[in-house]
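Coordinate analysis (summary)
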Amino acid sequence: MPIRNGKQGKVSRSISGAPEAPKESSAIEIAIGRQVRKLRMQTGISSHLLAERADISIALLSRIEHGKVSASLGTLSRLANALGVPFNFLFQQVSSHYTATLVKAGAGQQVVRAGTPAGQIYKSLGIPIEGDVRLEPYLIEINEKTQPHNTFQHDGVEMIHMLEGALVYRHGSKTYQMRKGDTLFFDARYPHGPESFEKVPARFLAVIGYTR
């Protein structure tokens, strides 16, 4: 039976029927929110403009920035695109909370990398973990609309492993014919990238590593 509180005139529920306490924001949600706000301030755009570009409400953006909501990966991806940064940049403040991440088959989050040609799709396979060495794992998909692009250059090393299809990959002045099961490991400071596609669709794993 409910018990009436004489002073306030409210009905107290039994423990089994008590309303749940509001969920406290996790450290990860707070860290993501702070990073979103930091990047927004660095780019000099207003909350209204960022919300418009990411196709979300200003109220949702405010809740994300204050760590009051666990945003979906789709929402975070749109925010990253609107801010003009890779998806994993939003997690730079939370990497210390992870010692492992699991991405289920087909669930990699699509990201946009600077200089990526049309039709080449990057899917992030993990959140970078804190440490002296940073690793970025991607699943890269090639289709009939993809344009070859062999002038990528960045710090560190890179490994690609063919899963499907066939292509010719250039590194510096040399080219390598790659088919399913082949692996190429190289110094990423030299120009590199697909020279031509011999069989599409094609998919390959790419792991980029560099010191922080």
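Look up a bit, the structure's there.
Residues numbered from 1 in each chain as written. Predicted model: local features only at pLDDT ≥ 70, side-chain atom pairs only at ≥ 80, totals over all residues. Heavy atoms only, no water.

Moving on, we get to the pairing of strand β8 (residues 183–187). Walk down a regular strand and you will see the side chains alternate between the two sheet faces. Only one face of β8 is covered, namely the one carrying Leu-184 and Phe-186; the face carrying Thr-183, Phe-185 and Asp-187 has none of its residues buried. Pairing of strand β6 (residues 157–171) with β8, which is carried by five bridges, proceeds in the antiparallel orientation. Each bridged residue has a counterpart across the sheet, and for Ile-160 the counterpart in β8 is Leu-184. (Buried < 20%, exposed > 50% of the residue type's maximum accessible area, 1.4 Å probe, protein only. Helix = DSSP H or I, 4+ residues; strand = E, 2+ residues; numbered from the N terminus. Pairing = 2+ DSSP bridges.)

For helix α3 (residues 58–65), the complete set of buried residues consists of Leu-61, Ile-64 and Glu-65. The buried residues of α3 occupy an angular sector of 95° when projected down its axis, which confines them to one face. Buried residues along α3 sit against α1 (27–43), α2 (47–54) and α4 (73–83). Of the residues trailing α3, Gly-67 is marked for its positive phi of about 70°. (Arc of directions from axis to C-beta. Contact = heavy atoms within 4.5 Å.)

Within this structure, the stated rule accounts for one cavity of 30 Å³ or more. Lining the largest cavity we find 13 residues, and of these Tyr-122, Phe-152, Glu-158, Tyr-169 and His-192 sit closest to its centre. Of all the secondary-structure elements, those providing two or more residues to the lining of the largest cavity are β6 and β9 (192–211). Take the lining of the largest cavity: its biggest share by element is five residues, from β9. (1 Å grid on protein atoms, 1.4 Å probe; cavity = no way out; pocket = protein on both sides within 12 Å on 5 of 7 lines; lining within 4 Å. Points joined across faces, edges and corners; volume = space filled by probe spheres on them.)

On to the environment of Arg-34, then. Tracing the backbone shows Arg-34 in helix α1. Arg-34 gets classed as exposed once you look at its relative accessible area, which sits at 60%. When the C-alpha atoms of Arg-34 and Glu-65 are compared, they prove to be 5.8 Å apart, with 31 residues separating the residues in sequence.

On to the side chain of Thr-75, then. For Thr-75, the location among the structural elements is in helix α4. Taking relative accessible area as the criterion, Thr-75 reaches 9% and is therefore assigned buried. Those residues within four positions of Thr-75 in sequence are excluded, and the remaining contacts are Ile-56, Leu-60 and Ile-64.

This next bit is on the nonpolar core. Residues Leu-50, Leu-79 and Leu-90 are the most contacted members of the largest nonpolar core, which totals 20 residues. Only α1, α2, α3 and α4 provide two or more residues apiece to this core. Sequence-distant contacts of Leu-50, that is, excluding residues within four places in its chain, are made with Val-36, Arg-40, Ile-45, Leu-61, Leu-79, Ala-82 and Leu-83. (Core = buried A, V, L, I, M, F, W, Y, C linked by side-chain atoms within 4.5 Å.)

Okay, unusual backbone geometry next. With omega at 0°, the peptide bond leading from Val-200 into Pro-201 counts as cis. Along the chain, Pro-201 falls in strand β9.

Once that is clear, we can look at the packing of α2 against α4. Orientation of α2 relative to α4, taken along the N-to-C sense of each, is 120°, at an axis distance of 8 Å. Comparing the axis directions of α2 and α4 gives the class oblique. Relative to α4, α2 is oriented so that their crossing is right-handed. Residue-level contacts link Leu-50, Arg-53 and Ala-54 of α2 to Arg-78, Leu-79, Ala-82 and Leu-83 of α4. For the contact of α2 with α4, the residue count by class is five nonpolar, no polar and two charged. (Axes fitted to C-alpha atoms, helices over the stretch in contact; angles between N-to-C directions. Parallel < 35°, antiparallel > 145°, perpendicular 65-115°, else oblique. Left-handed = near helix turned anticlockwise from the far one by under 90°. Nonpolar A, V, L, I, M, F, W, Y, C, P; charged D, E, K, R; others polar.)

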